[in-house]
Amino acid sequence: MSEIRLFVTTTEVQAGEVLDLLSEVFGEEDVAIATTEVDEKRDIWEASVYLLESEEDDARSRIEDALKIAYPQLVLEREVIPDEDWIAKSLEGLKPVRAGRFIVHGSHDRDKVRVNDIAIEIEAGQAFGTGHHGTTAGCLEMIEQVLRARTIRNALDLGTGSGVLAIAVAKMRPVPVLATDIDPIAIKVAKENARLNGIVSGMALETAPGFHSDAFRKHGPFDLIIANILARPLIKMAPQLVTHLAPGGTVILSGILASQRWKVLSAYNGMHLSHVRTIWRNGWVTIHLRKD
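All values reported here derive from a predicted model rather than from experimental measurement.

The next subject is the overall build of the chain. A count of helical and extended segments in the chain gives 9 helices and 14 strands. For the chain, with 292 residues in total, the buried portion stands at 51%. Of all intrachain contacts in the chain linking residues separated by at least 6 positions in sequence, the fraction that spans at least 24 positions is 67%. Approximately 14,200 Å² of the chain is accessible, and the part contributed by carbon and sulfur atoms is 51%.

Moving on, we get to the packing of helix H1 (residues 12–26) against helix H2 (residues 56–70). Two measures define how a pair of helices packs: the angle their axes make with one another and the distance between the axes. For the pair H1 and H2, interaxial distance at closest approach is 10 Å and the crossing angle is 130°. Overall, the two elements H1 and H2 adopt an arrangement that is oblique. Crossing hand, H1 versus H2: right-handed. For the pair H1 and H2, contact is made by Leu21, Leu22, Val25 and Phe26 and by Ala59, Arg62, Ile63, Ala66, Leu67 and Ala70, respectively. Its residues placed into classes, the contact of H1 with H2 shows 9 nonpolar, no polar and 1 charged.

Our next topic: the nonpolar core. Ile120, Val169 and Leu224 are the most contacted members of the largest nonpolar core, which has 36 residues in total. The residues touching Leu224, leaving out its near neighbours within four places in the chain, are Val146, Leu147, Ile152, Asn154, Ala155, Leu156, Val169, Thr250 and Ile252. Within the second largest apolar cluster, 29 residues are counted, among which are Leu156, Phe211, Phe216 and Leu234.

Attention now goes to the pattern of salt bridges. On inspection of all chains with the given rule, the structure shows 17 salt bridges. The partner of Arg5 in a salt bridge is Glu79, with the nearest N and O atoms 2.7 Å apart. Of the two residues, Arg5 sits in strand E1 (residues 3–10) while Glu79 sits in strand E4 (residues 77–81), which places them 74 residues apart along the sequence. Here Lys112 and Asp111 are joined by a salt bridge, their closest N and O atoms 3.6 Å apart. Accessibility expressed as a relative area gives 40% for Lys112, which makes it partly exposed. Each of Glu53, Glu56, Arg60, Glu64 and Arg78 takes part in one network of salt bridges that share partners.

The sheet built from 3 strands is open, its strands ordered E5-E6-E7 with mixed pairing. Each edge of the sheet is formed by a strand with only one pairing partner; in this case those strands are strand E5 (97–99) and strand E7 (118–121). Ignoring which end each strand starts from, the neighbouring axes of this sheet average 20° apart. Both strand E6 (residues 102–105) and E7 contribute to a ladder of 4 bridges, which runs parallel. Counterpart to Phe102 in the pairing with E7 is Ile118. The sheet strands contacting helix H5 (residues 164–172) are E6 and E7, and the helix crosses E7 at an angle near 145°.

Cis rather than trans, the peptide bond between Gly220 and Pro221 has omega equal to 0°. Summarising the element assignment, Pro221 is placed in the loop between helix H7 (214–219) and strand E11 (222–228). The residue Asp43 is not glycine, and still its phi comes out positive at about 55°. Mapped onto the elements of the fold, Asp43 is located in the loop between strand E2 (32–39) and strand E3 (44–52). By relative accessible area, which is 31% here, Asp43 ends up partly exposed. Here His272, not a glycine, exhibits a phi torsion of approximately 70°, which is positive. Looking at where His272 falls in the secondary structure, it is placed in the loop between helix H9 (261–269) and strand E13 (273–281).

With that settled, the discussion passes to the side chain of Asp157. Tracing the chain through its elements places Asp157 in strand E8 (residues 155–158). Lys191 provides the closest opposite charge to the buried, salt-bridge-free Asp157, at an N-O distance of 14 Å. Polar contacts involving the side chain of Asp157 include one to the main-chain amide nitrogen of Ala166, which spans 3.2 Å. Setting aside residues no more than four positions away along its own chain, Asp157 makes contact with Leu165, Ala166, Leu178, Ala179, Thr180 and Ile226.

What counts, and where the lines are drawn
Every chain's residues receive numbers from 1 upward, in the order its sequence appears when written. pLDDT decides what is reported in this predicted model: residues at 70 or higher carry local features, side-chain atom pairs at 80 or more are listed and counted, and totals for whole chains, interfaces and linings draw on all residues regardless. The side-chain quantities take in all heavy atoms of the structure and omit both hydrogens and water. In this description a helix means any DSSP run of H or I spanning at least four residues, a strand means any run of E spanning at least two, and both kinds are numbered starting from the N terminus. Categorising residues by exposure relies on relative accessible area from a 1.4 Å probe, with only protein chains included: less than 20% of the type maximum marks a residue as buried, more than 50% marks it as exposed, and the intermediate range marks it as partly exposed. Residue contacts are counted whenever heavy atoms from the two residues lie within 4.5 Å of one another. All accessible areas in this document rest on Shrake-Rupley with a 1.4 Å probe, and a residue is counted as covered only by the protein chains that are shown. For helices, the axis comes from a line fit to the C-alpha atoms of the stretch in contact; other axes are also lines fit to C-alpha atoms, and the angle between any two N-to-C directions lies between 0 and 180 degrees. Put simply, angles under 35 degrees are roughly parallel, angles over 145 are roughly antiparallel, angles from 65 to 115 are roughly perpendicular, and the rest are oblique. Left-handed describes a crossing in which the near helix is turned anticlockwise from the far one by less than a right angle; the clockwise case is right-handed. Each residue is assigned to one class: nonpolar for Ala, Val, Leu, Ile, Met, Phe, Trp, Tyr, Cys and Pro, charged for Asp, Glu, Lys and Arg, and polar for all the others, Gly among them. What is meant by a nonpolar core is a set of buried Ala, Val, Leu, Ile, Met, Phe, Trp, Tyr and Cys residues, joined one to another through side-chain atoms within 4.5 Å. One side-chain nitrogen of Lys or Arg within 4 Å of one carboxyl oxygen of Asp or Glu is enough to make a salt bridge. Strands were regarded as paired on the criterion that DSSP finds at least two bridges between them. When charges are counted, Lys and Arg are positive and Asp and Glu negative, with His and the chain ends excluded. We define a polar contact as two N or O atoms separated by no more than 3.5 Å, with the added condition that, inside protein, one atom must be a possible hydrogen donor and the other a possible acceptor, whereas residues neighbouring each other in sequence contribute only through side-chain atom pairs.

What follows is the structure, given as structure tokens:
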């Protein structure tokens, strides 16, 4: 059965907002949602939902209902996806991403790594977060700052995706790292990426559908918790997340639109975490908080 893409064309900032809206529409459903830059000079982006043709009618109705309320000027378009690895194809031409000392690159760009870089190699066909989005780059930059300033003994990468953030921690400091995701395919990809980056010990990768998983009790509490997800689930999980944070521990949160920053801060301030710093990147923010 054919796969299709339903998408809207807009600006970078609004594409991020539409991405958040689509995440609310589909919740925990197994639907791929993404934003893609079309024209850098003219600030043209697309926010897309990828699904099977048999799922189109229901999805289209739900998306159009949501857009009518929030973005009535946007037109939902349709494209049939060719039978090929579109994720790998879309990432083949991406340039390496630098964030502090970290550089995230594909195998074809190994020659771009400089002497003092901390290199993280991610293959194009394994695109659960490659560093090219402002949230991932913001997290990498914040990880470097935190690890330089504080002694971290135990870290958690919640919703690890490709594993890039967990790999970043492991490459910069020889500390135990737990990387979890609700998707077993993501964990498989993260394990492959960890091996590709020479990490053979010190990193545990586990499928964990929620904080009730034994993985968090077994490996925690954590001095550092990194969660690059979305604002709504970050707010909802604040009480549970903080229970797994060690005294004086640090939290790095991202996947947050700039307009959502205060709601997230309010949720975590209510759990006695204090704001340390915010990094702003392309309409998205990465927040550093510390447990009092």
